[in-house]
Amino acid sequence: MGGWGLVVPRRDIARAPGERVLRWPHPALAAHVASYVAHDLPDAGANSWQITPLSVLTWMIDLDAPARGAEVPDSPVLGLRDRPLRVEQTGASRGIVVTLTPLGAYALFGIPLRELTNSVVAASALLPVGALTERLAEAADWAERFRLLDEYLAAKLARGPVLAAPVRHAWDRLSAGPVRIDALADQIGWSRQHLNARFREQIGLNPRTAGRIARLNRVLALMSRASSLPWAEVAHLGGYSDQAHLVREFRALTGCSPTEAGKPAGLFVPPRDGA
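An account of the accompanying structure is given in this report. Bear in mind that the values here come from a model prediction, so they are computed numbers and not experimental data. (Residues numbered from 1 in each chain as written. Predicted model: local features only at pLDDT ≥ 70, side-chain atom pairs only at ≥ 80, totals over all residues. Heavy atoms only, no water.)

1. Digging into helix H1 (residues 102–109)
The test is simple: Burial status follows relative accessibility: with a 1.4 Å probe on protein chains alone, a residue under 20% of its type maximum counts as buried, one over 50% as exposed, and anything between as partly exposed. The helix and strand labels rest on DSSP assignments: H or I over at least four residues marks a helix, E over at least two residues marks a strand, and numbering proceeds from the N terminus.
Burial of H1 is extensive: eight of the eight residues sit out of reach of the surface. Residues Pro102, Leu103, Gly104, Ala105, Tyr106, Ala107, Leu108 and Phe109 constitute the buried set of H1. At the C-terminal side of H1, Gly110 shows a positive phi close to 70°.

Here it is in structure tokens:
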């Protein structure tokens, strides 16, 4: 599956103080949970973040929450998006960001993911998470917190609903590389219209938009691995018609150009396989 993850801060945080810890979930959860990213960051003043559409849903578990705008609650869940999101925050922050594949989010929250599209929702509105948050806050270290998350998610996901098999196949195929939507519908045995309707209901976006985001995320992975590549080659390898096409799509989905974001851009977290 292609790379994912771009958060573009208004200032350079590469040398910012604080602790960040990336961990993969237990292998048994790999199809449902993409990563855990823990952080313990001091107050560094006001920050403005531009968050691109991702190929994952994001659950930010706040153990110590910064002050954010009224539109972003504590411990928010971010659904799949087709546009960038600006978040303003200030103050110290401590917690864990859990990234979920649509398969995992659908099973965990038990609702059609269209209900979360382009939305930011308190996790407490979707799950009874108070006891989990308390246990995470009281745990001795990050390793113990990751273990508790593995246990909690394994139990929840085992009882959750599953995506329709054709929808999951379509998602996996779109994530793997470019594919024509009519050809994908033919593979599944559905009409294009029926694929669009079922995919949007369960995933939250239409297949074409999901494919655009997956393609962008693959380009971000390429930029992370080979930051010296010229943009024309990045566009070619990423499946864009030319460099101008890459720049248009990058700006539409992230709110900035590739050069404004940096190369590699923002806070990029590679997928488990490093692809």
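Back to the write-up after that little detour.
2. Overview of the pairing of strand S4 (residues 47–51)
Rules: Strands are treated as partners if at least two bridges between them are detected by DSSP.
Across the five residues that make up S4, a large majority, five, are buried. Side-chain alternation along S4 places Asn47, Trp49 and Ile51 on one buried face and Ser48 and Gln50 on a second face that is also buried. The sheet contact formed by S4 and strand S8 (residues 85–90) spans five bridges and is antiparallel. From the neighbouring strand, Trp49 faces S8, where its bridge partner is Val87.

3. Remarks on the nonpolar core
Formally: To define a nonpolar core, start from buried Ala, Val, Leu, Ile, Met, Phe, Trp, Tyr and Cys residues and group those joined through side-chain atoms within 4.5 Å. Here, residues are in contact when the closest pair of their heavy atoms is within 4.5 Å.
In terms of nonpolar packing, the biggest core is built from 69 residues, with Tyr36, Trp59, Val98, Phe109, Leu153, Leu195 and Phe199 touching the most fellow members. When sequence neighbours within four positions are dropped, the list of residues in contact with Leu153 reads Leu29, Val33, Tyr36, Trp59, Val98 and Leu108. Ranked by size, the runner-up nonpolar core spans eight residues in total, among them Ile51, Met60, Val72 and Val87.

4. Comments concerning the sheet that holds strand S7 (residues 76–78)
Applied cut-off: Every axis corresponds to a line fitted to the C-alpha atoms, with the helix fit spanning only the stretch in contact, and the corresponding angles, defined between N-to-C directions, vary from 0 to 180 degrees.
Reading across from one edge, S2-S3-S9-S5-S7-S10 is the order of the six strands in this open sheet, with antiparallel pairing throughout. The two strands at the open ends of the sheet, each matched to only one other strand, are strand S2 (19–23) and strand S10 (120–122). With strand direction ignored, the average angle separating the axes of adjacent strands in the sheet is 20°. Here strand S5 (residues 57–64) runs beside S7; their pairing, made up of two bridges, is antiparallel. Counterpart to Thr58 in the pairing with S7 is Leu78.

5. Description of the pattern of salt bridges
In plain terms, the rule: Each salt bridge in this description consists of a side-chain nitrogen of Lys or Arg and a carboxyl oxygen of Asp or Glu lying within 4 Å of one another.
Considering all chains together, one arrives at 10 salt bridges under this definition. For Arg147, the salt bridge identified is with Glu144, shortest N-O distance 2.6 Å. Placement of the pair is Arg147 and Glu144 together in helix H3 (residues 142–158), with a separation of three residues, close to one helical turn. The salt bridge involving Arg215 is made with Glu249; its shortest N-O contact spans 3.4 Å. With Arg215 in helix H7 (residues 207–225) and Glu249 in helix H9 (residues 243–254), this pair connects stretches of sequence that are 34 residues apart. Among the residues examined, Arg215 registers a relative accessible area of 15% and is labelled buried. Classification of Glu249 by relative accessible area gives buried; the value is 10%.

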